[in-house]
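A look at the structure
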Amino acid sequence: IVKTLKNQVLTNKLTHAYLFCGPRGTGKTSTAKIFAKAVNCTHTHEGNPCGMCAECVALSENNTDIVEIDAASNNRVEEIRDLREKVQFPPLIGKYKVYIIDEVHMLTESAFNALLKTLEEPPKHVIFILATTEIHKLPATILSRCARFDFKLLPINTLVAHLKNVFNKKGIKSDEK
């Protein structure tokens, strides 16, 4: 997933809507936030945001162009209609205004219908990243308009090896348990 997203940043072949789905704790929202910075970074390093250009610094301090919405508490049609009005405004800092809608499966049916209108005809300066743990609750009309990425949990042995590496680098004593 990361390699594909980095390649899209490097080649500037982005789509207007992404769907990140998978179990809790697989990095969907974290990946969305990093990707949102990367698409706006003017000096990406191998598809990663540099963290030092004017856009990266501004997006870290005054995050007006990366909007994170929790659909669990903002799931009504009124909130999505408000979003539809706001997407018309261009970004203040970067090239794209990125809307990350977390727990998107929590939207009401009427809210999905309102979101669909924006996904069908999005402004050129907007990217949507929808994140969900329950893909089966999304309407087919929404699914068909997104580039889908299925996140998976890492195997325990991979996590243990990574933690050992981090602990060794930091000089933290640990045992296998």
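Structure: above.
It should be emphasised that the depicted structure is a prediction, and the values quoted were computed from it without experimental measurement. (Residues numbered from 1 in each chain as written. Predicted model: local features only at pLDDT ≥ 70, side-chain atom pairs only at ≥ 80, totals over all residues. Heavy atoms only, no water.)

**Points about the pairing of strand β3 (residues 97–102)**
When you tally the buried positions in β3, you get 6 out of 6 residues, the bulk of the element. Both faces of β3 are covered, namely the face carrying K97, Y99 and I101 and the face carrying V98, I100 and D102. In this region the chain leaves strand β2 (residues 66–70), passes through helix α4 (residues 77–86) and returns to the parallel neighbour β3; the handedness of that crossover is right-handed. Summarising the sheet, β3 and strand β4 (residues 126–132) pair through 5 bridges and their orientation is parallel. Its bridge partner lying in β4, Y99 is registered against F128. In this view, the connection linking β3 to its parallel neighbour β4 by way of helix α5 (residues 109–120) has right-handed handedness. (Buried < 20%, exposed > 50% of the residue type's maximum accessible area, 1.4 Å probe, protein only. Helix = DSSP H or I, 4+ residues; strand = E, 2+ residues; numbered from the N terminus. Right-handed = clockwise from strand over helix to strand, strands pointing away. Pairing = 2+ DSSP bridges.)

**Regarding a nonpolar patch on the surface**
A grouping of L154, I156 and L159 is seen on the molecular surface, where their side chains present a nonpolar patch of about 300 Å² in accessible area. Its place among the elements puts I156 in helix α7 (residues 156–170). (Patch = residues over 30% accessible without salt bridge, like charges linked within 9 Å, V, L, I, M, F, W, Y side chains within 5 Å. Areas by Shrake-Rupley, 256 points an atom, 1.4 Å probe, with all protein chains shown as cover. Salt bridge = Lys/Arg side-chain N within 4 Å of Asp/Glu carboxyl O.)

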